Amino acid sequence: MFVVVGVTGGIAAYKVVQLVRLLVKDGHEVHVVPTASALRFVGAPTWEAISRSPVTASVHEDVAQVRHVALGQAADLVIVAPATANSLAKMAVGLADDLLGTTLLATTAPVVVAPAMHTEMWRHPATQHSIRTLRERGVTIVGPDEGELTGGDSGEGRMSEPEAIFAEALAAADAGGAEHVVRRHDLAGLRVAVSAGGTREPIDPVRFIGNRSSGRQGLALAAAAAERGAEVVLVAAHVDRGLLAEAALPTAVRIVAAGTAAELGEAMRSAAVVADVIVMAAAVADYRVEGIAPRKLTKESAAGPAITLELVETDDIVAGLVRDRREGQTIVGFAAETPGDGEALIDRARRKAARKGVDLLAANEVGWERGFETDRNALVIVDVEGRVVAEPRGTKRDVAEAVWDAVVAVRS
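Cut-offs applied
Residues numbered from 1 in each chain as written. Predicted model: local features only at pLDDT ≥ 70, side-chain atom pairs only at ≥ 80, totals over all residues. Heavy atoms only, no water. Helix = DSSP H or I, 4+ residues; strand = E, 2+ residues; numbered from the N terminus. Buried < 20%, exposed > 50% of the residue type's maximum accessible area, 1.4 Å probe, protein only. Contact = heavy atoms within 4.5 Å. Areas by Shrake-Rupley, 256 points an atom, 1.4 Å probe, with all protein chains shown as cover. Lys, Arg positive; Asp, Glu negative; His and termini not counted. Charge placed at Lys NZ, Arg CZ, Asp CG, Glu CD. 1 Å grid on protein atoms, 1.4 Å probe; cavity = no way out; pocket = protein on both sides within 12 Å on 5 of 7 lines; lining within 4 Å. Points joined across faces, edges and corners; volume = space filled by probe spheres on them. Nonpolar A, V, L, I, M, F, W, Y, C, P; charged D, E, K, R; others polar. Axes fitted to C-alpha atoms, helices over the stretch in contact; angles between N-to-C directions. Parallel < 35°, antiparallel > 145°, perpendicular 65-115°, else oblique. Left-handed = near helix turned anticlockwise from the far one by under 90°. Salt bridge = Lys/Arg side-chain N within 4 Å of Asp/Glu carboxyl O. Pairing = 2+ DSSP bridges. Expected span 1.5 Å × (residues − 1).

In the nomenclature of an unreviewed UniProt entry, the chain is known as Coenzyme A biosynthesis bifunctional protein CoaBC of Microbacterium fluvii.

Here it is in structure tokens:
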């Protein structure tokens with residue numbers, strides 16, 4: 001589920017960090033939209049670290065992606081916490097002088113609000129008028145609770161606890177009949193195998209031939225599949241341990257570690273025996289060293305200032321999976337390319353899809369600053385007949401959802 005969490009300028013903002021954490025651990029993609037005032041209480045680095053998504057409060061950033069409305073359009077659920085008296089008044093009259101305001105006006109998703117303020121402000125007729133207006137529009141109001149307030153005061157106006165907001169928000173999303181409720185179960189009953197990360201081919205006990213793949217795209221694919229109801233095996237080549245821990249993958253994902261291309265191929269062939277869908281998102285080495293040195297290669301042991309490594313091709317894992325596929329099995333290949341322009345990328349995707357015989361081929365342009373080691377991606381997805389079926393771009397979770405949409409379409 002794509003969740004937008006709006007944070008306004010109240011001291012209770014620090015408690016919303018736990019709310020975002022709960023949403024992420026439950027497998028949802030979370031985008032935090034703080035107001036400028038909220039960032040004086042909790043900074044953008046904290047929100048980015050907890051949500052694992054970029055954070056901005058300005059409508060003047062990422063203009064090309066029309067971010068001021070795109071977040072609201074994409075959202076399955078919007079939560080505003082803490083919601084100050086000022087933010088409630090702005091919501092009630094439809095003011096949109098910041099990114100949170102435009103997001104709220106652009107969304108048709110269920111909206112959940114958790115007010116937080118001193119008792120006198122909560123009870124003021126203006127605030128109560130705002131609350132009535134929002135309720136009439138179908139906004140879910142959670143709290144506020146009675147308890148200790150800032151400055152030693154006590155009374156009604158304390159923001160509800162993150163766990164309570166989390167439960168109420170998910171209930172509101174389900175009751176709202178949002179598209180995600182149907183979509184997240186469209187892989188139910190399917191067994192899925194996804195590969196992620198980059199393989200490492202040893203040169204000696206110290207060095208290896210590798211690549212810059214972080215594994216983020218494969219992790220996003222596994223998480224999205226599990227959320228949509230699939231039983232998932234994630235074959236992870238080199239994926240940073242911290243990144244893997246932060247991913248908070250759902251319990252429906254079983255992780256199998258692999259280091260080299262040979263190990264990854266063996267693990268994928270094993271998973272393919274029962275898999276209904278295979279997605280080869282890992283960056284697999286095309287070559288390996290023919291003779292791995294048993295000891296570290298040193299300058300002293302070298303014959304001169306240069307060293308020669310003889311490389312041999314690794315097995316084509318995707319080709320083998322296609323050759324041995326079971327009836328009804330869907331196979332998706334990935335290709336990282338440096339073509340220079342969009343038409344060349346599509347052409348390479350078509351040729352590779354035809355050569356490998358996959359049902360879908362997802363090609364992404366990579367380079368020094370794109371594709372690898374970033375939170376965003378852009379793909380061209382073609383089918384076995386060379387038709388472009390999708391060109392998703394956005395966060396790697398956005399792209400993952402588009403890949404699964406294409407898989408569902410192919411299987412239907």
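After presenting the structure, the write-up continues.
Draft legend 1. Main features of the overall build of the chain. The secondary structure content of the chain amounts to 15 helices and 20 strands. Counting all 412 residues of the chain, 51% fall into the buried class. If you take every contact in the chain between residues at least 6 apart in sequence, the share linking residues at least 24 apart comes to 71%. Total accessible area computed for the chain in this model is approximately 19500 Å², and 51% of it derives from carbon and sulfur atoms. Charge centroids of the chain, computed over 43 positive and 54 negative side chains, lie 3 Å from each other.

Draft legend 2. View of unusual backbone geometry. Cis geometry marks the peptide bond from A81 to P82; its omega dihedral reads -15°. Assignment of secondary structure puts P82 in strand β3 (residues 77-83). In this model, G143 is joined to P144 through a cis peptide bond whose omega is 5°. As for its placement among the helices and strands, P144 is situated in the loop between β5 (140-141) and β6 (145-148). At R52, a residue that is not glycine, the phi angle is positive and equals roughly 65°. R52 gets classed as partly exposed once you look at its relative accessible area, which sits at 30%.

Draft legend 3. Quick look at the layout of surface pockets. Counted as a void, the largest pocket has a volume near 1000 Å³. Around the largest pocket sit 41 residues that line it, and A282, A283, V284, D286 and F334 are the ones nearest its centre. At the level of secondary structure, the elements contributing two or more residues to the lining of the largest pocket comprise α10 (216-227), β15 (311-313), α13 (317-323), β16 (330-337), α14 (342-356) and β17 (360-365). For the lining of the largest pocket, the residue count by class is 17 nonpolar, 13 polar and 11 charged.

Draft legend 4. Quick peek at the environment of V410. The topology assignment puts V410 in helix α15 (residues 396-411). For V410 and E120, which are 290 residues apart along the polypeptide, the C-alpha to C-alpha distance reads 58 Å. Contacts of V410, omitting those with residues within four sequence positions, involve T330, D359 and L360.

Draft legend 5. Spatial organisation of the side chain of Q217. Note that Q217 resides in helix α10. Not counting chain neighbours up to four residues away, the residues in contact with Q217 comprise F334, N377, K396, V399 and A400.

Draft legend 6. Structural view of the packing of helix α4 (residues 85-93) against helix α7 (residues 125-136). Look at α4 against α7: their axes get within 9 Å of each other, and the N-to-C directions meet at 45°. Judged by the inter-axis angle, α4 sits oblique to α7. When the axes of α4 and α7 are compared, the crossing they make is left-handed. For the pair α4 and α7, the contacting residues are A85, L88, A89, M91 and A92 in the first and T127, S130, I131, T133 and L134 in the second.

Draft legend 7. Inspection of the pattern of salt bridges at higher detail. If you walk through the whole model with that rule in mind, you get 19 salt bridges. In this structure, the salt-bridge partner of K15 is E161, at a minimum N-O distance of 3.0 Å. Highlighted residues: K15 in helix α1 (residues 13-25) and E161 in the loop between β7 (154-158) and α8 (162-175), separated in sequence by 146 residues. Residue classification places K15 among the buried positions, given a relative accessible area of 10%. One salt bridge in this structure joins D186 and R228, with 2.9 Å as the shortest N-O distance. Highlighted residues: D186 in the loop between α9 (179-183) and β8 (191-196) and R228 in the loop between α10 and β11 (231-236), separated in sequence by 42 residues. Taking the relative accessible area as the measure of exposure, D186 reaches 31% and is therefore partly exposed. Looking at R228, the relative accessible area reads 1%, which means it is buried. A network of salt bridges, in which partner residues are shared, links D186, E227, R228, R397, E401 and D405.

Draft legend 8. Looking closely at the packing of α1 against helix α2 (residues 44-51). Two elements in contact, α1 and α2, have axes whose closest approach is 9 Å; the angle formed by their N-to-C orientations is 20°. Between α1 and α2, the angle is such that the two are roughly parallel. As α1 runs across α2, the sense of the crossing is right-handed. Note on element contacts: α2 touches α1 through T46, W47, I50 and S51, opposite A13, V16, V17, V20, R21 and V24. Of the residues assigned to the contact of α1 with α2, the class counts are 7 nonpolar, 2 polar and 1 charged.

Draft legend 9. Focus on the sheet that holds strand β1 (residues 2-7). Spatial strand order, β2-β1-β3-β4-β5: 5 strands in an open sheet with parallel pairing. Unpaired on one side and paired on the other, β2 (29-34) and β5 mark the two borders of the sheet.

Draft legend 10. Molecular detail of α10. The first and last C-alpha atoms of α10 sit 16 Å apart over 12 residues, in line with the 16 Å expected at 1.5 Å per residue. When you tally the buried positions in α10, you get 11 out of 12 residues, the bulk of the element. Along α10, the positions that sit buried rather than exposed are Q217, G218, L219, A220, L221, A222, A223, A224, A225, A226 and E227. Among the residues trailing α10, G229 stands out with phi positive, at a value near 105°.

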